[in-house]
Amino acid sequence: MSVESKVRAVTTATLAKMKHDGEKIAMLTAYDYTMAKIVDGAGIDIILVGDSAANVMAGHTTTLPITLDQMIYHASSVVRGTERAFVVVDMPFGTCSGDEQVALAAAIRIMKETGADGVKIEGGEELLPSIKKIIAAGIPVMGHLGLTPQSIHQLGGYGLRAKEEAEAQKLLRDAELLAEAGCFGLVMEKIPAALAAEVTRRIAIPTIGIGAGAGCDGQVLVVHDMLGINKGFKPKFLRQYADLHTAMTEAIGHYVEDVRSGDFPNEQEQY
Ligand code: KIV
């Protein structure tokens, strides 16, 4: 399979300049071509092909089951729908936790088979050998600290992270190490706003928060959550910009009524 690899308008240099100029970065997830076209057309800076696809697209309760092949399928669809935004793809659970060569091979597959612009990796110091190897191969890497859903069985729940001093200190150190290693950005999930602001001041690379307060250089949300498609999920950090669950349910309900009553199709809707 051949994939057209092109440099889109938003690059790692654009993102670095945005941090330097104090311009906030807007990031959202997408998992398919149609949503990517909408999100990109609306002017988003970064599209994340998140492993949250395991939850949102496939109905799993954790992000662990999604495979590298499935991430590649989602990411290549997103890339085909994206003209301007930087596309970053989650390395799925297990790909970076062992041999660095295995991690590099997975990252190369993502770049070659999807045409994406970079990868995101959950974890800090313990993953540095893999992260450095991938960066050395010329692949942009975004870090992810705080609540890291791939470690959910170790964390024991989706609550706020780094409330205690020891965990906050580890997060600060991990953030500095990731920046020194050459990561182009860092996602911080569900940590106290003051800690996220401190990290953002200390490191030169852009920080993107989800449930990490206003002091980050940018924000990310899961697109289905902020559009109100996913009805049951309403954490404190989520601002819902639409109620598409209701709008879609009503529209589909009208269609069902119209088909059943014979109102659809009418004279103009047939050949
Ligand atoms: O997979 C995902 O959607 C993410 C975001 C929550 C940052 O990692």
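See the structure shown above.
Scope of this entry: the structure provided in the associated data block. (Residues numbered from 1 in each chain as written. Predicted model: local features only at pLDDT ≥ 70, side-chain atom pairs only at ≥ 80, totals over all residues. Heavy atoms only, no water.)

1. Some remarks on the pattern of salt bridges
To be explicit about the condition: A side-chain nitrogen of Lys or Arg and a carboxyl oxygen of Asp or Glu constitute a salt bridge if their distance falls within 4 Å. Labels follow the DSSP assignment, with helices taken as runs of H or I lasting at least four residues and strands as runs of E lasting at least two, numbered in each case from the N terminus. Partly exposed describes any residue whose relative accessible area lies between the buried limit of under 20% and the exposed limit of over 50%, with all areas from a 1.4 Å probe on protein chains only and scaled to the type maximum.
In the structure shown here, the tally under the stated rule is 14 salt bridges. The shortest N-O distance in the salt bridge between Asp 69 and Arg 109 comes to 2.7 Å. Of this pair, Asp 69 sits in helix 4 (residues 68-80) while Arg 109 sits in helix 5 (residues 100-114), and the two are 40 residues apart along the sequence. By relative accessible area, which is 48% here, Asp 69 ends up partly exposed. Among the salt bridges present, the one from Glu 125 reaches Arg 173, with a minimum N-O distance of 3.1 Å. Of this pair, Glu 125 sits in the loop between strand 4 (118-122) and helix 6 (128-136) while Arg 173 is found in helix 8 (residues 165-181), placing the two residues 48 residues apart along the sequence. Ionic contacts of the salt-bridge type, sharing partners, join the residues Glu 176, Glu 198, Arg 201 and Arg 202 into one network.

2. Here we look at the environment of Ala 136
Locating Ala 136 in the fold gives a position in helix 6. Distance from Ala 136 to Ala 54, taken between C-alpha atoms, is 29 Å for residues 82 residues apart in sequence.

3. Some remarks on the pairing of strand 1 (residues 25-29)
Let me state the cut-off plainly: When DSSP finds two or more bridges between two strands, those strands count as paired. Every crossover in which the path from the first strand over the helix to the second runs clockwise, viewed with the strands pointing away from the viewer, is termed right-handed.
Judged by how many residues are buried, strand 1 sits mostly within the fold: four of five residues are covered. Pairing of strand 1 with strand 8 (residues 218-221), which is carried by four bridges, proceeds in the parallel orientation. Paired with Met 27 across the two strands is Val 220, which belongs to strand 8. With three bridges connecting them, strand 1 and strand 2 (residues 46-49) associate as parallel partners. By the bridge assignment, Thr 29 is partnered in strand 2 with Leu 48. With helix 2 (residues 33-41) bridging strand 1 and the parallel strand 2, this β-α-β connection has right-handed handedness.

4. A short note on the nonpolar core
What counts is decided by this rule: The criterion is simple. A nonpolar core is a set of buried Ala, Val, Leu, Ile, Met, Phe, Trp, Tyr and Cys residues joined through side-chain atoms within 4.5 Å. The contact definition used throughout considers only heavy atoms, calling two residues in contact when any of these lie within 4.5 Å.
Counting residues in each nonpolar core, the largest one holds 63 residues, and the members touching the most others are Met 91, Val 119, Ile 121, Ile 134, Leu 186, Met 188 and Val 199. Element by element, the count of residues in this core is highest for helix 8, at seven residues. Not counting the four nearest positions on each side in its chain, Leu 186 is found in contact with Met 142, Gly 143, His 144, Leu 145, Ala 175, Leu 178, Val 199, Ile 203, Ile 205, Pro 206, Thr 207 and Ile 208. Counting residues in each nonpolar core, the second largest holds 15 residues, with Met 18, Phe 86, Val 88 and Val 220 among its members.

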